[in-house]
Amino acid sequence: MAKKKELREGYTTGSSATAAAMAALHFLMTNDTLTAIEIPTPRAGRITIPIHWVRPEGKLSARACVIKDGGDDPDATHKAEIHAVVELLPAQEDEISLKGGQGVGRVTLPGLPVPPGDPAINPAPREQLREGLKEVLSVHQTHVGLSVTVEVPEGEEIAKHTMNPRLGIVGGISILGTRGTVKPFSHESYEASIAEGLNVAKHQGHTTVALSTGGRTERLLLQDRPDIPELASVQIADFYSFALRSAAEHGFTEIVVGCFFGKLVKMAQGFPYTHAKDNRIDFSLLADWCAEHGIPEKLHAELKAANTARHALELLHGQPALPKILANITRRALSVAQDFAGPGVSLSYRVYDFDGTLLCALSAEDNA
């Protein structure tokens with residue numbers, strides 16, 4: 001059989017903005033125009049990104065441009081120009097302010113990682129930008145303040161092909177990236193990687209497997225269940241039913257699912273595939289589930305109109321019925337999971353808040 005071509009990784013809008021900002025600052029420090037620059041990433045080590053161009057924009061500022069590369073997983077931002085304008089502020093030593101300019105969206109609704117009114121530059125890219133700029137300042141042993149404006153000239157048009165308008169992000173795209181690189185994504189290749197992970201765990205003699213929806217939930221789950229080794233943990237992304245069926249077929253007798261609240265609700269709704277674009281949360285149904293535990297009418301209406309799962313959970317925080325509500329939704333998800341996995345498998349859930357707090361731990365035995 002011919003060997004399949006290995007898919008090429010790309011880099012995120014957050015990495016693109018970081019590279020542009022670092023190149024612009026390097027130009028201000030040296031008057032040297034870079035063609036590529038090595039940058040830090042949140043979780044993918046260090047990568048080198050090509051610089052499209054750099055130019056001055058006044059005595060104390062410069063603008064650099066990076067062409068965003070999605071690798072073999074192109075998305076709406078693939079080949080977009082990502083600009084960073086860096087201005088030196090000599091009187092504001094070591095301060096770094098980040099702004100969103102043309103084509104970068106502004107958050108208008110609650111329930112997102114960035115509060116309403118702020119530019120849609122997510123927390124991980126914000127930290128990545130600051131780290132990269134501090135590196136350049138350190139190399140040149142310079143202590144000045146910086147104002148950094150991220151711009152995407154075609155961002156407003158690109159955003160029409162994303163979920164930003166529905167989420168209340170207006171005026172452009174979001175600057176994203178919890179990892180720093182973009183892993184090529186296809187259903188076939190991801191399902192193959194899940195199956196491969198299950199094979200490895202099974203060949204190590206493990207009978208329990210942890211299924212998590214991403215890297216962060218995996219770390220939280222393994223912290224909570226130190227008896228489960230990393231080799232017996234598989235990231236399943238949105239492939240909920242496929243992963244459960246495959247784990248059962250591999251002969252695992254215990255399956256532990258780790259997820260955040262949003263994925264839990266989708267699982268409880270019965271979606272076999274939980275991607276945000278393809279299967280959206282039914283907030284009216286969620287509100288009705290919560291109403292079974294006597295929430296106020298006003299809260300019921302607010303939940304029906306929630307913007308995101310994060311927003312819904314924020315509305316529920318502080319409610320005396322929250323533990324019962326979480327247990328109810330988790331029981332529904334367990335019932336769906338049991339249907340996908342089939343009989344003879346012990347199932348349990350560990351559900352986390354977006355800050356990493358354990359919200360609910362429930363097993364099928366508890367559900368009986």
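Residues numbered from 1 in each chain as written. Predicted model: local features only at pLDDT ≥ 70, side-chain atom pairs only at ≥ 80, totals over all residues. Heavy atoms only, no water.

Caption draft 1: Quick peek at the pattern of salt bridges. Within the structure shown, the criterion is met by 14 salt bridges. Residue Arg 63 pairs with Glu 151 through a salt bridge whose shortest N-O separation is 2.9 Å. Here Arg 63 is found in strand β5 (residues 61-67), whereas its partner Glu 151 is found in strand β10 (residues 145-151), with 88 residues between them in sequence. Classification of Glu 151 by relative accessible area gives buried; the value is 15%. A single salt-bridge network, built from bridges that share partners, covers Glu 38, Arg 46 and Glu 135. (Salt bridge = Lys/Arg side-chain N within 4 Å of Asp/Glu carboxyl O. Helix = DSSP H or I, 4+ residues; strand = E, 2+ residues; numbered from the N terminus. Buried < 20%, exposed > 50% of the residue type's maximum accessible area, 1.4 Å probe, protein only.)

Caption draft 2: Just a positive patch on the surface, in detail. A contiguous patch of positive charge on the surface is contributed by Arg 43, Lys 183, Arg 216 and Arg 219. Tracing the backbone shows Arg 216 in helix α6 (residues 215-224). Taking the relative accessible area as the measure of exposure, Arg 216 reaches 34% and is therefore partly exposed. (Patch = residues over 30% accessible without salt bridge, like charges linked within 9 Å, V, L, I, M, F, W, Y side chains within 5 Å. Areas by Shrake-Rupley, 256 points an atom, 1.4 Å probe, with all protein chains shown as cover. Lys, Arg positive; Asp, Glu negative; His and termini not counted. Charge placed at Lys NZ, Arg CZ, Asp CG, Glu CD.)

Caption draft 3: Inspection of the sheet that holds strand β18 (residues 358-363) at higher detail. Strand order in the open sheet made by the five strands is β15-β14-β16-β17-β18, with mixed pairing throughout. Whereas interior strands pair on both sides, the edge strands pair on one side only; in this sheet they are β15 (233-235) and β18. On average, each strand axis in the sheet is inclined to that of its neighbour by 15°, with strand direction left out of account. Two elements, strand β17 (residues 346-352) and β18, share five bridges in a ladder whose sense is antiparallel. Among the inter-strand pairings, Val 351 is bridged to a residue of β18, identified as Cys 360. Across the sheet, α6 touches β14 (208-212), β15, β16 (254-260), β17 and β18, and the angle it forms with β16 is around 125°. Helix-sheet contacts for helix α7 (residues 240-249) involve β14, β16 and β17, and the interaxial angle to β16 is about 160°. (Pairing = 2+ DSSP bridges. Axes fitted to C-alpha atoms, helices over the stretch in contact; angles between N-to-C directions. Contact = heavy atoms within 4.5 Å.)

Caption draft 4: Spatial organisation of the pairing of β5. Judged by how many residues are buried, β5 sits mostly within the fold: six of seven residues are covered. Note: strand β4 (residues 53-56) against β5, four bridges, orientation antiparallel. Across the sheet, residue Arg 55 finds its bridge partner in β5, namely Arg 63. The hairpin turn running from β4 into β5, its antiparallel successor, is four residues long, and Gly 58 in that turn takes a positive phi close to 110°. Two elements, β5 and strand β6 (residues 81-89), share seven bridges in a ladder whose sense is antiparallel. In the strand pairing of β6, Val 66 is matched with Ile 82.

Caption draft 5: Quick peek at α7. A large share of α7 lies buried, amounting to seven of its 10 residues. Buried within α7 we find Tyr 240, Ser 241, Phe 242, Ala 243, Leu 244, Ser 246 and Ala 247. Looking one or two residues past α7, Gly 251 carries a phi angle of roughly 90°, positive in sign.

Caption draft 6: Geometry of the packing of helix α10 (residues 297-304) against helix α11 (residues 309-316). Direction vectors running N to C along α10 and α11 enclose 170°, while the axes themselves pass 9 Å from each other. Classified by the angle between their axes, α10 and α11 sit roughly antiparallel to one another. Contacts from Leu 299, Glu 302 and Leu 303 in α10 reach Ala 312, Leu 315 and Leu 316 in α11. The residue inventory of the contact of α10 with α11, partitioned by class, reads five nonpolar, no polar and one charged. (Parallel < 35°, antiparallel > 145°, perpendicular 65-115°, else oblique. Nonpolar A, V, L, I, M, F, W, Y, C, P; charged D, E, K, R; others polar.)

Caption draft 7: View of the packing of aromatic side chains. This structure, assessed with the given rule, holds three aromatic pairs. For the pair Phe 260 and Phe 354, a centre-to-centre distance of 5.8 Å together with 25° between the ring planes defines the contact as stacked. Note that Phe 260 is positioned in strand β16 and Phe 354 in the loop between β17 and β18, a separation of 94 residues in sequence. By the burial criterion, Phe 260 is buried, and Phe 354 matches it. Lys 202 extends its terminal NZ or CZ atom over the ring of Phe 252, reaching a point 5.4 Å from the ring centre. Arg 310 extends its terminal NZ or CZ atom over the ring of Phe 354, reaching a point 4.4 Å from the ring centre. (Phe/Tyr/Trp six-rings, centres within 6.5 Å; stacked < 30°, edge-to-face > 60°. Lys NZ or Arg CZ within 6 Å of the ring centre and 35° of its normal.)

Caption draft 8: How the structure looks around the environment of Thr 149. Checked against the element boundaries, Thr 149 lands in strand β10. Between the C-alpha atoms of Thr 149 and Asp 288, which are 139 residues apart in sequence, the distance is 43 Å. The residues touching Thr 149, leaving out its near neighbours within four places in the chain, are His 83, Ala 84, Val 85, Lys 99, Gly 100 and Gly 101.

Caption draft 9: Expanded view of the sheet that holds β10. In space, the five strands of this open sheet follow the order β4-β5-β6-β10-β7, with mixed pairing throughout. One side of each edge strand has no neighbouring strand; the edge strands of this open sheet are β4 and β7 (96-100). Neighbouring strand axes in the sheet, compared pairwise and without regard to direction, differ in orientation by 20° on average. Relative to β6, helix α1 (residues 13-30) is tilted by about 40°, and along the sheet it contacts β4, β5, β6 and β10. Against the sheet, helix α2 (residues 123-139) makes contact with β7 and β10, and its axis sits at roughly 135° relative to β7, the strand it touches most.

Caption draft 10: Structural view of the pairing of β10. Counting buried residues along β10, seven of its seven residues qualify, which places the element largely inside the surrounding structure. Residues of β10 alternate between two faces, with Gly 145, Ser 147, Thr 149 and Glu 151 on one and Leu 146, Val 148 and Val 150 on the opposite face, all of them buried. As defined by bridge partners, β7 adjoins β10 across five bridges and the pair is classed as parallel. Counted as the bridge partner of Ser 97 is Ser 147 from β10.

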